[in-house]
Amino acid sequence: MNYRELGNTGMKVSEIGLGCEHLENQNYEVIESVIDAALAGGINIMDVFMSQPQVRTDIGKALEGRREQVILQGHIGSRWKDGQYGRSRELGECKFFFEDFLTRMRTDYVDIGMFHCVDTKADSDKIFDNAPLINYALSLKKQGIIKALGISTHDPVCGLRAVNSGIIDVIMFSINPAYDLLPENLENTRQLFDLETYRKNTLNGINPVREEFYRACETKGIGLTVMKSMGAGALLNAKSSPFGIALTPAQCIHYSLTRPAVSSVLVGVHNAQEIKEAIGYEEMTEEEKDYSAVLTAKPAFSLRGKCMYCNHCLPCPSHIDIAQVNKYLDLAKMNEDVPPTVKEHYTALEHTASECIGCHSCERNCPFGVAVTENMKQAVAVFGK
């Protein structure tokens, strides 16, 4: 395993890290086996944003006696309310669920305390203009309860504000080729871009705002940890990849690791075999890692509007597990006939798409511009409920 400096924090992190999102709803044996495999392979950084109580308890149990081997990213502002994940900027809730995180993780400190999922100007204002919340986080840092302060975001403008705030040490950011190579609203800003110039941009034709963000992190010593490097698997399948060609996990990882300021790619996995395969990146040749042939075909493509199954759209007033509905819908669309197993998993959901009330709160929360309400209608048409 190779290790990189995490910006100016003084920490060195494995360039392959573990994102624990997909461990939610797994049994303890699976969680323990994933963490065992990660540590055995040299991984020393983990991100745990989930507020669901049991997964926190199980990860804490699996790490007991090995906590010092891990640089842990824990989040401020991830809450569990009425049986659902959600985001909060209310000081009392942030304190309660951060303390719950420490208790369930069986630790008295977090290496990187992240303001959770800061994706809009309004949300950024709630963080950086909220003196009690900022003071709480800085107090935790002063006490050594958190070693470094960070934010997680999918938006480069919010990222730039964090960089320029002077108080942020680490940013967890969503990076993959499809996110980088197209401005977020190309249909509205196409006149601003000469595509030939765009192709020849200094970072291989990426969105100039994202390039500015990466360069600012590099200049100011902000460490970047990466989420969504494979686009929730969309880039690994020719049918769902916006390139029309499947990338390999190694190509996706390598792409992220070649961006300025990136320290670690946090890979989400469902089992121990998947984390072992991700660690296998370290043994691959440069030819196996090379992504350039896929990306030279054309500069304009996007995963915008594609569900990343992160459930940042929650809470839902109807308690629909929106990520799972979208996942089963995407699987159904990739086949001429709906696979029986997919239909069986969908119908077993406690709350299905037919319960959607069309309030659009999910769409206001979604970082990726997914037309959730329309997807719920399609799911009802496909699955019959």
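A brief report on the enclosed structure follows. (Residues numbered from 1 in each chain as written. Predicted model: local features only at pLDDT ≥ 70, side-chain atom pairs only at ≥ 80, totals over all residues. Heavy atoms only, no water.)

**Remarks on helix 12 (residues 272-279)**
When helix 12 is considered as a whole, its buried residues turn out to be Ala-272, Ile-275, Ala-278 and Ile-279. Here the buried residues of helix 12 occupy an arc of 120 degrees about the axis, which is enough to place them on one side. Lining the buried residues of helix 12 we find strand 3 (16-19), helix 1 (28-40), helix 11 (249-257) and strand 12 (262-268). With a side-chain oxygen positioned 3.2 Å from the backbone nitrogen of Gln-273, the residue opening helix 12 is Asn-271. (Buried < 20%, exposed > 50% of the residue type's maximum accessible area, 1.4 Å probe, protein only. Helix = DSSP H or I, 4+ residues; strand = E, 2+ residues; numbered from the N terminus. Arc of directions from axis to C-beta. Contact = heavy atoms within 4.5 Å. Polar contact = N/O pair within 3.5 Å; in protein donor to acceptor, adjacent residues only side chain to side chain.)

**With respect to the packing of helix 3 (residues 91-104) against helix 5 (residues 131-143)**
Between helix 3 and helix 5, the shortest axis-to-axis distance is 10 Å and the interhelical angle comes to 25 degrees. One element, helix 3, and the other, helix 5, form an angle in the roughly parallel class. Along this stretch, helix 3 crosses helix 5, giving a crossing that reads as right-handed. Contacts between helix 3 and helix 5 involve Leu-91, Cys-94, Lys-95 and Phe-98 from the first element and Pro-132, Leu-133, Tyr-136 and Leu-140 from the second. (Axes fitted to C-alpha atoms, helices over the stretch in contact; angles between N-to-C directions. Parallel < 35°, antiparallel > 145°, perpendicular 65-115°, else oblique. Left-handed = near helix turned anticlockwise from the far one by under 90°.)

**What to know about the side chain of Ser-263**
By secondary structure assignment, the location of Ser-263 is in strand 12. Exposure remark for Ser-263: the relative accessible area of 1% places this residue in the buried category. Within the structure, the side chain of Ser-263 is placed 2.9 Å from the backbone oxygen of Glu-5, a separation counted as a polar contact. Setting aside its immediate chain neighbours within four residues, Ser-263 contacts Arg-4, Glu-5, Leu-6, Gly-7, Val-13, Ser-14, Glu-15, Gly-223, Leu-224 and Leu-257.

**Some remarks on the environment of Leu-331**
Locating Leu-331 in the fold gives a position in helix 15 (residues 322-333). On the accessibility criterion, Leu-331 (36% relative accessible area) is partly exposed. The spacing of Leu-331 and Val-342 is 11 residues in sequence and 7.3 Å in space, taken between C-alpha atoms.

On their own, these measurements won't tell you what the molecule is for.
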